[in-house]
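The residues making up each chain are set out below.
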Amino acid sequence: MLLQLVFWCLFIFWPLIFRSSTVRVRRFHQPPDPVYMVALNALAVLFFYLNTRILIPRFLEKKGLSVYLLTVAGCGLVMVLLSMQLRSLAFKADLTDVRFITGTIFPVLFIFSISTTYKVLNDFHRRQQLEKERENERLKSELSFLRSQISPHFLFNILNSIVSLARFKPESVEPATIQLAELMRYMLYESDEAKVPMDQEIRYLRSYIDLQTLRLGKKVQIELDLGPVAGNHCIEPMLLIPFVENAFKHGIGMITRPAIQLHLHINERTLHFLVKNKVSMQPDDPKDHHSGIGLKNVERRLNLLYPNHDLQIREHEGWYEVQLTLELS
């Protein structure tokens, strides 16, 4: 608004501001009266905003093109007559001169064209901005919903782990509960942010793996390689845990010598994450019908937040393997 105000003030009052220059340019002719020129410029600005603020919104958008063109023709005629009168006073010209009449009509048409183009482009830009804001709000709502689904699902599996500890290793229930409290603190207070530091997410993964190790003991061979994090990289919170959770959920069933491998490395800004677990080769191995919630959600979150990510999931020679590559912020 300030930029428009400055522009129109310069446009209206330039005959007064540059009056001496006008006189020098027209030293062989009678210079125009700057007062009438200011009035003529003010009339042009009035017609500009009349078209953009009243004629287009009230007639073109609500009553159709034909009514709008008739209204513009009437306003344009009034504009031409007023302009001719002001120009004749400014230049002391003859109103019947064809060149004078033509020189008055073309500026009016030019102002009409410019104002219509400005209004159309401005409305298009506003619609684009509004659509972008709506899309951002929709994505935020969807991500919030996906997060709210992941947390209860994850918590449900952890509670199942503590129930198993209470049955077979009651002395491990207290440290497991403390470990669970740390996990819940992260879920409730730190994962609300849009991004979290990468080292926090890795500590969260380690806490979960420690809890599972406490529950399973030496029943599962765990190979863990969470490399050092260099730089202040950030990631969407709780983005990696569903893959790790899925490995522990399906990698310790009816499997001979169960094993789980986790590798995480960051090369500059690129995250390379690998999770592997042995799978049962028996066709009658029971499956949890609700086990796909976490993976479906994390795949959707990846599509929304990291559209250029590379996620490969495959089962090969008795191993279930997940490879994820994405660019960190």
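Since this is a predicted model, take the numbers as computed values, not measurements.

A.B. asks: Is there a simple way to explain the side chain of Gln-212 in this structure?
C.D. replies: Its place among the elements puts Gln-212 in helix H7 (residues 198-216). A distance of 2.9 Å separates the side chain of Gln-212 from the side chain of Tyr-208, its partner in a polar contact. The residues touching Gln-212, leaving out its near neighbours within four places in the chain, are Ile-158, Ser-161 and Phe-248.

A.B. asks: Can you help me understand the pattern of salt bridges in this one?
C.D. replies: A pair can form between side chains of opposite charge whenever their charged atoms are brought close. Per the stated rule, a full pass over the model turns up 4 salt bridges. Its salt-bridge partner being Asp-123, residue Lys-119 comes within 3.4 Å of it at the nearest N-O pair. Note that Lys-119 and Asp-123 are positioned in helix H5 (residues 98-168) at a spacing of 4 residues, about one turn of the helix. Among the ionic pairs, Arg-203 bridges to Asp-199, the shortest N-O distance being 3.9 Å. Of the two residues, Arg-203 and Asp-199 both sit in helix H7, 4 residues apart, roughly one turn of that helix.

A.B. asks: Is there a simple way to explain the packing of H7 against helix H8 (residues 241-250) in this structure?
C.D. replies: Two elements in contact, H7 and H8, have axes whose closest approach is 10 Å; the angle formed by their N-to-C orientations is 10 degrees. With respect to each other, H7 and H8 are oriented roughly parallel. Of the residues in H8, those in contact with Tyr-204, Leu-205, Tyr-208, Ile-209, Gln-212 and Leu-216 of H7 are Ile-241, Val-244, Glu-245 and Phe-248. Each residue belonging to the contact of H7 with H8 can be placed in one class, and the counts come to 8 nonpolar, 1 polar and 1 charged.

A.B. asks: Help me understand the sheet that holds strand S4 (residues 259-267) in this model?
C.D. replies: The strands making up a sheet associate through backbone hydrogen bonding, with each pair oriented either parallel or antiparallel. Taken in spatial order, the 5 strands make up an open sheet running S2-S4-S5-S7-S6, and their pairing is mixed. Unpaired on one side and paired on the other, strand S2 (221-226) and strand S6 (310-316) mark the two borders of the sheet. Across this sheet, the average inter-strand angle for adjacent strands is 5 degrees, counted without regard to direction. Bridging between S2 and S4 involves 6 bridges; their strand directions are parallel. Bridge pairing in S4 places Leu-224 opposite Leu-262. Along the sheet face, H7 touches S2, S4 and strand S5 (270-278) and points at about 170 degrees away from the line of S2. Across the sheet, H8 touches S2, S4, S5, S6 and strand S7 (319-327), and the angle it forms with S5 is around 10 degrees.

A.B. asks: Quick question: what am I supposed to make of the nonpolar core here?
C.D. replies: What tends to happen in soluble globular proteins is that the nonpolar side chains get buried as a cluster. Residues Met-198, Ile-235, Leu-240, Phe-243, Val-244, Leu-264 and Leu-271 are the most contacted members of the largest nonpolar core, which totals 45 residues. Listing elements by their share of this core, those giving two or more residues are H5, helix H6 (173-190), H7, H8, S4, S5, helix H9 (293-305) and S7. Considering every element that reaches this core, the biggest residue donor is H7, with 8 residues. With near-sequence residues (within four places) excluded, Met-198 lies in contact with Val-229, His-233, Cys-234, Ile-235, Leu-240, Leu-264, Ile-266, Leu-271 and Leu-328. One finds Val-38, Leu-40, Met-84 and Leu-86 within the second-largest nonpolar core, a separate group that totals 15 residues.

A.B. asks: Would you take a moment to explain the packing of aromatic side chains for this structure?
C.D. replies: Counted under the stated rule, the structure contains 3 aromatic pairs. Summarising the aromatic geometry, the rings of Phe-48 and Tyr-49 are spaced 5.2 Å apart at their centres and angled 75 degrees between planes, so their arrangement reads as edge-to-face. The exposure class of Phe-48 is buried, given its relative accessible area of 7%. For the pair Tyr-208 and Phe-248, a centre-to-centre distance of 5.8 Å together with 80 degrees between the ring planes defines the contact as edge-to-face. Here Tyr-208, found in helix H7, pairs with Phe-248, found in helix H8; they are 40 residues apart in sequence, far enough to count as distant. Relative accessible area serves as the criterion here: at 2%, Tyr-208 is assigned to the buried category. Among the aromatic residues, ring-to-ring pairing joins Phe-48, Tyr-49 and Tyr-118 into one connected group. One cation-aromatic arrangement involves Lys-276 over Trp-319; the distance from NZ or CZ to the ring centre is 4.9 Å.

A.B. asks: Can you help me understand the pairing of S6 in this one?
C.D. replies: Residues in a regular strand project their side chains so that they alternate between the two faces of the sheet. Strand direction decides the pairing type here: S6 and S7, joined by 7 bridges, are antiparallel. Paired with Arg-314 across the bridge in S7 is Glu-321. Hairpin geometry of S6 and S7 is characterised by an intervening segment of 2 residues between the two adjacent antiparallel strands and by a positive phi of about 50 degrees at Glu-317.

Reading the values: the criteria
Position numbers for residues start from 1 in each chain and track the written sequence from start to end. In keeping with the predicted nature of the model, local features appear solely for residues at pLDDT of at least 70, side-chain atom pairs appear and are counted solely at 80 or more, and the whole-chain, interface and lining totals rest on all residues. Processing note: side-chain calculations cover all non-hydrogen atoms of the structure and skip hydrogens and water entirely. Strands here are runs of E lasting at least two residues and helices are runs of H or I lasting at least four, both read from the DSSP assignment and numbered beginning at the N terminus. Here a polar contact is taken to be a pair of N or O atoms separated by no more than 3.5 Å, where protein atoms must pair a possible hydrogen donor with a possible acceptor and residues adjacent in sequence count only if both atoms sit in side chains. Whether two residues are in contact is decided by their heavy atoms: any pair within 4.5 Å suffices. Just to be clear on terms, a salt bridge is a Lys or Arg side-chain nitrogen sitting within 4 Å of an Asp or Glu carboxyl oxygen. To get an axis, fit a line to the C-alpha atoms, keeping to the stretch in contact for a helix; angles then go from 0 to 180 degrees between the N-to-C directions. An angle below 35 degrees is treated as roughly parallel, one above 145 as roughly antiparallel, one from 65 to 115 as roughly perpendicular, and anything else as oblique. Basically, the charged four are Asp, Glu, Lys and Arg, the nonpolar ten are Ala, Val, Leu, Ile, Met, Phe, Trp, Tyr, Cys and Pro, and anything else, Gly included, counts as polar. Pairing between strands is defined by DSSP: at least two bridges between them are needed. Joining through side-chain atoms within 4.5 Å is the link that ties buried Ala, Val, Leu, Ile, Met, Phe, Trp, Tyr and Cys residues into a set, and such a set is a nonpolar core. Burial here depends on accessible area, computed with a 1.4 Å probe over protein chains only, as a share of the maximum for the residue type. Under 20% is buried, over 50% is exposed, and the range in between is partly exposed. Whether two aromatic rings pair depends on their centres lying within 6.5 Å, for rings of Phe, Tyr and Trp, where Trp uses its six-membered ring; planes under 30 degrees apart make the pair stacked, over 60 edge-to-face, and the rest tilted. Should the NZ of a Lys or the CZ of an Arg lie within 6 Å of a ring centre and within 35 degrees of the ring normal, that charge is described as sitting over the ring.

Geometric values such as these leave the question of function open.
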